[in-house]
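Now for the letters of each chain:
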Amino acid sequence: MEALVIGCGVSGLSTAICLQEAGWRVTIWTATLPPDTTSSVAAAIWYPYKAYPEHLVVGWSKFTYAVFETFARNPTTGVIMRENVEVSRTPLPDPWWSSAVPDLRRLTAAELPAGYVDALAFTTPVIEMPVYLRYLMDRFTRAGGTVDIRLVSSLAEATEIYPVIFNCTGLGSHSLLHDAQMAPIRGQVVRVANPGIERAWLDEEHPDGMVYIVPRANDCILGGTAIEGVWDMTPDPATAEAILRRCIGLEPRLAEAPILEHKVGLRPGRTTIRLEREEFPNGTCCIHNYGHGGAGVTLSWGCAAEAVQLVG
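Here the structure is a predicted model, which means the values were calculated and not measured. (Residues numbered from 1 in each chain as written. Predicted model: local features only at pLDDT ≥ 70, side-chain atom pairs only at ≥ 80, totals over all residues. Heavy atoms only, no water.)

A short note on the packing of helix α2 (residues 54-71) against helix α7 (residues 296-309)
Where α2 contacts α7, the two axes come as close as 7 Å, and the packing angle between them is 105 degrees. Put simply, α2 runs roughly perpendicular to α7. Packed against α2, whose contacting residues are V57, W60, S61, F63, T64, V67, F68 and F71, the element α7 presents V297, T298, L299, S300, W301, G302, C303, A305 and E306 at the interface. When the residues that make up the contact of α2 with α7 are grouped by side-chain class, the tally is 11 nonpolar, five polar and one charged. (Axes fitted to C-alpha atoms, helices over the stretch in contact; angles between N-to-C directions. Helix = DSSP H or I, 4+ residues; strand = E, 2+ residues; numbered from the N terminus. Parallel < 35°, antiparallel > 145°, perpendicular 65-115°, else oblique. Contact = heavy atoms within 4.5 Å. Nonpolar A, V, L, I, M, F, W, Y, C, P; charged D, E, K, R; others polar.)

Here's the deal with the side chain of D118
By the element assignment, D118 lies in strand β5 (residues 118-127). On the accessibility criterion, D118 (11% relative accessible area) is buried. Separated by 2.7 Å, the side chain of D118 and the backbone nitrogen of L92 make a polar contact. If near-sequence neighbours (up to four positions away) are discounted, D118 is found in contact with E86, V87, S88, T90, P91, L92, R106 and L112. (Buried < 20%, exposed > 50% of the residue type's maximum accessible area, 1.4 Å probe, protein only. Polar contact = N/O pair within 3.5 Å; in protein donor to acceptor, adjacent residues only side chain to side chain.)

Side note on the sheet that holds strand β15 (residues 285-290)
What the six strands build is an open sheet, ordered β6-β2-β1-β7-β15-β14; its pairing is mixed. Every other strand in the sheet has two partners, leaving β6 (146-149) and β14 (274-279) as the edge strands with one partner each. Neighbour to neighbour, the strand axes of the sheet diverge by 20 degrees on average, direction disregarded. The pairing of strand β1 (residues 2-6) with strand β2 (residues 25-30) spans five bridges and is classified as parallel. Looking across to β2, one finds that L4 is bridged to T27. (Pairing = 2+ DSSP bridges.)

Considering the nonpolar core
Membership of the largest hydrophobic core comes to 64 residues, with the highest contact counts inside it found for F68, Y132, F166 and W301. With near-sequence residues (within four places) excluded, F166 lies in contact with A3, L4, V5, I6, T15, L19, I287, A307, V308 and V311. Formed by 22 residues, the second largest nonpolar core is a distinct cluster that contains L112, I197, V211 and I213. (Core = buried A, V, L, I, M, F, W, Y, C linked by side-chain atoms within 4.5 Å.)

Notes on helix α1 (residues 10-21)
Compared with the 16 Å implied by 1.5 Å per residue over 12 residues, the 17 Å span of α1 between its first and last C-alpha is a close match. A large share of α1 lies buried, amounting to 11 of its 12 residues. The complete set of buried residues in α1 reads V10, S11, G12, L13, S14, T15, A16, I17, C18, L19 and Q20. On its buried face, α1 is in contact with β1, β2, α3 (129-142), β7 (164-167), β15 and α7. Two residues or fewer past α1, G23 is found with a positive phi of approximately 100 degrees. (Expected span 1.5 Å × (residues − 1).)

Thoughts on the side chain of Q20
Tracing the backbone through its elements, the reader meets Q20 in helix α1. With a relative accessible area of 15%, Q20 lands in the buried category. Once residues lying within four places of it in the same chain are set aside, the contact partners of Q20 are V26, R139, F140, A143, G144 and G145.

Written out as C-alpha cells, the structure reads:
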C-alpha cells in the first residue's frame, strides 16, 4: 500500500503520519523542507481562525486538541498547555467553537486589564513550530517515510507513479490546481525574548489592528496582521512598530524584551476547506486536504484523520 503526500508543512506531515499508522508506505514530495514552509512561521496556538465551514471546523479542531493534549506530556514535541485570554472592549458572546475546549470561563471584573469590559479564558495548546515540525519529521522518517525535494507542476506527474495521492500543498494549490478560491492571508509577526510571560493574550477587535501574544519556552510571538490577497513576504518596519506598540499596551513587560526576528507568513485562505476525494481516469485517486486559513495547526490532526478515511 503506497501513497504519496505532496507538501511537507503541518498538514502534509500529519497526514503522512496518519497514513503510516494505517499501514501505508508513504513518500512526501515537497518543494521546501519544514523550516521554510508557511507552517514554520505560525505563532502557533490552538485557535479556530478564518477556517470554514464552522460546523465542520469544530469537530476537526476538537480532535486535534485531544492529540495536542497527549503531545504536551512529551517535552520533545514542543507542545505546552497555556491559559489563553481573549479580551474585548465590548461584551463577548460564547465562541462558536466553545464545545471544542474543556474549560472556558469568563474573567471577573477584577481580573480584566484596564480598558476592557469582557474576557474569556481557556486552556489551549501552544506549539513551538520549529521544535514541533522537527518532531513530526523525525517521527515520519523513523517509521520508514521518505522525503523527496521535488517541485510539482502538475498532479499528472504523481498520478503516473502512485495509486493514491494526498494533496496537502496549502497555498500552493493556487498555482498547482489553478484554484481560484485560494488566496493568501498575510500575517506579519515579531519574535522577542520572553520576559517571563506565561499567559497567551488575544484582542481580535483592537481598533488599531489585531493583537496576539503567544509565549513559548524562551521567546514570544507578537502579532499581527491578517491582510487578504497580499502576496508580499517582506516584513514592513512600520507594521512591526505598530504590532509592538499594541502588544506592549496589553502586556507592558514586553517593552524591554529584545527583538529577535521579524517574519511574514501567508496563510492559505479559502472560502471553504477542501477535504474531498477526486478520481482520475487511470484509477488513481487524490485526496485534497488544503485551504485551512488561519487554523492549519488547529485542524491538522482532525483533517488528516478524515483524509485517510476518504481513501476507503
